[in-house]
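# Chains, contacts and geometry: an overview
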Amino acid sequence: MTKTPSSAAPCPRVGDMIQSLHWPPQPAQQSRVVALRAPPPPPPPELVVTCEPGVAQTEHRNTSGLSCGSQADEESQCSDSGFGGSPASSLGLRKLSDCSSVGLSPSSSFEEYEEEFPGNTDRKDTATRSDAEKNKNMVNWSPVVVPLKERAPWVQVVGHAGNFQTAGDGKLLKKYCASEQQCLQRLMDDVLQPFVPRYHGVTRRDEQEYNLMDDLLSFFDSPCIMDCKMGSRTYLEEELKKARKHPQPRKDMYEKMIAVDPEAPTPEEKVQQAVLKTRYMQWRETLSSTATLGFRIEGIKKSDGSCNTNFKRTKYKEEVVQALDDFVDSNVTLLRNYQQRLKELRLVLEKSHFFRTHEVVGSSLLFVHDQSGRAGVWMIDFGKTASMPPPLTLDHRSPWVEGNREDGYLWGLDNFIDLLTGMLAVHGSQDKSHTALLLVYLVCVVVLNWSTQCHHFAPECKKLQSSGMWHESGCSKPQRRNHIAGCVHMLK
Ligand SMILES: O=P(O)(O)O[C@H]1[C@H](O)[C@@H](OP(=O)(O)O)[C@H](OP(=O)(O)O)[C@@H](OP(=O)(O)O)[C@H]1O
Ligand SMILES: Nc1ncnc2c1ncn2[C@@H]1O[C@H](COP(=O)(O)OP(=O)(O)O)[C@@H](O)[C@H]1O
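Residues numbered from 1 in each chain as written. Chains lettered and ligands numbered in written order. Predicted model: local features only at pLDDT ≥ 70, side-chain atom pairs only at ≥ 80, totals over all residues. Heavy atoms only, no water.

## Focus: the environment of R233
Heads up, the condition is: Only DSSP runs of H or I reaching four residues or more are called helices, and only runs of E reaching two or more are called strands; each is numbered from the N terminus. Contact between two residues is taken to exist if any of their heavy atoms lie within 4.5 Å; hydrogens are not considered. In protein, a polar contact means a hydrogen-donor-capable atom and an acceptor-capable atom, both N or O and within 3.5 Å, with residues adjacent in sequence counting only if both atoms are side-chain atoms; elsewhere, any N or O pair within 3.5 Å suffices.
Turning to its location among the elements, R233 is positioned in the loop between β10 (224-230) and α5 (237-245). In this structure, the C-alpha to C-alpha distance between R233 and G294, residues 61 residues apart in sequence, is 7.9 Å. In this structure R233 touches E285, T290, E359, V361, G362, W400, R405, E406 and D407, once residues within four positions along its chain are discounted. A polar side-chain atom of R233 sits 2.9 Å from the main-chain carbonyl oxygen of Y235. A polar atom in the side chain of R233 sits 2.8 Å from the backbone oxygen of E406.

## Points about the confidence of the model for the protein
Our working definition: Scored from 0 to 100, pLDDT reflects the predictor's confidence in each residue.
Looking at the protein, the pLDDT average stands at 73 and 60% of residues meet or exceed 70. Low pLDDT, under 50, characterises residues 12-94; the stretch is placed with 269 contacts to residues that sit more than four places away or in other chains. Complex prediction metrics read pTM 0.69 and ipTM 0.99.

## Description of the packing of aromatic side chains
For clarity, the cut-off: Each pair of aromatic rings taken from Phe, Tyr and Trp, with Trp reduced to its six-membered ring, is defined by centres within 6.5 Å and is described as stacked if the planes are under 30 degrees apart, edge-to-face if over 60, and tilted in the remaining cases. Classification of residues uses two cut-offs on accessible area relative to the type maximum, computed with a 1.4 Å probe and protein chains only: under 20% is buried, over 50% is exposed, and between them is partly exposed. Counted as over-ring charges are cases with an Arg CZ or a Lys NZ within 6 Å of the ring centre that also lie within 35 degrees of the ring normal.
With the rule as written, the count across this model stands at 11 aromatic pairs. On the numbers, 5.8 Å between centres and 45 degrees between planes, the contact of F219 with W378 is tilted. With a gap of 159 residues between them, F219 in the loop between β9 (208-214) and β10 and W378 in strand β15 (residues 375-380) connect regions that are remote in the sequence. Pair check on accessibility: F219 and W378 agree, each one buried. Among the aromatic residues, those joined into a cluster by ring pairs are F295, F327, Y338, F367 and F416. Across the ring face of W378, the terminal group of R341 is positioned such that the distance to the ring centre comes to 5.6 Å.

## Brief notes about the pattern of salt bridges
Rule in force here: Think of a salt bridge as a Lys or Arg side-chain nitrogen and an Asp or Glu carboxyl oxygen that are within 4 Å of each other.
Within the structure shown, the criterion is met by 21 salt bridges. The partner of E180 in a salt bridge is K174, with the nearest N and O atoms 3.1 Å apart. We classify E180 as buried; its relative accessible area is 2%. Linked through salt bridges whose partners overlap, the residues forming this network are R346, E350, R397 and D414.

## Examining the state of the cysteines
Among covalent bonds in proteins, the disulfide is the one between the sulfur atoms of two cysteines. To keep it simple, the criterion reads: Sulfur atoms of two cysteines make up a disulfide when they are within 2.5 Å.
Following the criterion strictly, the structure yields zero disulfides and no others. Not engaged in a disulfide, the cysteine C183 finds its nearest cysteine sulfur in C177; these two sulfurs lie 8.2 Å apart.

## Structural notes on unusual backbone geometry
Geometrically, the link from P390 to P391 is a cis peptide bond, its omega value of 5 degrees lying close to zero. Within the secondary structure layout, P391 lies in the loop between β16 (385-387) and α13 (409-454). With a phi angle near 50 degrees, D206 is a residue other than glycine that sits in the positive phi range. Within the fold, D206 resides in the loop between β8 (199-205) and β9.

## Looking at the sheet that holds strand β7 (residues 171-175)
The test is simple: The criterion for strand pairing is that DSSP finds at least two bridges linking the strands in question. Only the contacting stretch of a helix is used when fitting its axis, a line to C-alpha atoms as for every element, and angles between N-to-C directions run 0 to 180 degrees.
Spatial ordering of the open sheet is given by β6-β7-β9-β8, a layout of four strands whose pairing is antiparallel. Looking at which strands have only one partner, the edges of the open sheet turn out to be β6 (164-166) and β8. Taken over all neighbouring pairs, the strand axes of this sheet differ in orientation by 30 degrees on average, direction set aside. As paired strands, β6 and β7 are joined by three bridges and run antiparallel to one another. Looking at β7, one finds that T166 is bridged to L172. Strand contacts of helix α4 (residues 178-187): β7, β8 and β9, with the helix running at about 150 degrees to β8, the strand carrying the most contacts.

If you want it as structure tokens, here you go:
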């Protein structure tokens, strides 16, 4: 998405399922144990437009927990010293995904992080019975009690550093972006609602406006997280037009480029020591699986705290499969859950009015699961999602030709589902061959065992007995094969 360091970034609830997965806030002085299956929070508070000049502002009627306790900008363990931000804002801002250049990040900052956000443990049980009833059919998770002290703090896997703050009540503040706000608002009235973090309006903290949304991690205990950028194109057609009209070569992007491949820039770019953003974005698309599969892995954070954003060159199916398999630790149930969730998402996307009428670029799917086997997938990041001028619509599968604004989102999702299906098939056949081997082994054991019982009836054994080669305990090793063959022969 687009971002600025402190002011509004140039740029609309999680559905019933999400709502139902959310544990309610709980007062700190009460029990520090919360139930995942506890009643869901109240319906999204009514948004009140407070309209200050310049920005259409909205506030909650019950945002008491939001603006108190200002926090420093959060720093993910995934962060590094990369370059980031747009030309005007690169100073002071870092892009978390830049840590791709260093690969695995240390996991040590988690605890400190949690201390910084005591609000994470400060939850209030304000859910209503009607909400619980409304949502009970949406949840297929079994009740799990999670001691809060064991919960890992919120973590940002990729994206723009300094863009997020936790609100301390299972909500997240993301730096205000007008176009993202519009999208989130619209999505709350769309069939896609269950696949998007619940949106709670705009709020202000320390002179900065934020879009307030559900923290999807708050449904999980020590979650594993994966961010996959969807679509075959990662820049807007609008950006392409702008780049042609007013080319603004970027030094930061040139540096990110040569950090991955010193030979990537053209001679001209080498002289300029700068590249156009659209050129950089295209290079990233072809270097990764975006161009060939219509999605790419941006980052993975595992429950052990390790965080890997080193996927810039993860391009081929086999590499993607390897990364996915590692993400789920080869857990077939998780693979199946994710495949199921993506299939559901695809069905809903194909029906969604919002989706049909928006160019969805640079948006990610956030995959989250934990040890209990719970798994969820949500659409996030609508900073570069733009509405189509009516009556134009998109199918999201047709190849992009400049002017048609197709983004390849569904094509990517089809490919993603196919990969998971392929992985499940391999796991299935491995399971079958393991079962077959096990069966053969068991049969051998039974036959060997049984052969010692039946040797009296086997002609071979009789021969052995008469030749004095018979052992009281049964056949000796070298003779066993003959013995079994004899028994089998007798059975026939
Ligand atoms: O992943 P790397 O290689 O670091 O490149 C980033 C991502 O493409 C960002 O997209 P996302 O936010 O989806 O991660 C994009 O932000 P935009 O989405 O604003 O285009 C950044 O552009 P700048 O923010 O202009 O640097 C660009 O530098
Ligand atoms: N609603 C959310 N709940 C939990 N984590 C989130 C949520 N939205 C974003 N994140 C985290 O922040 C990262 C970046 O999010 P994104 O919206 O793409 O930010 P940016 O616009 O800065 O790229 C994601 O990879 C994820 O780790």
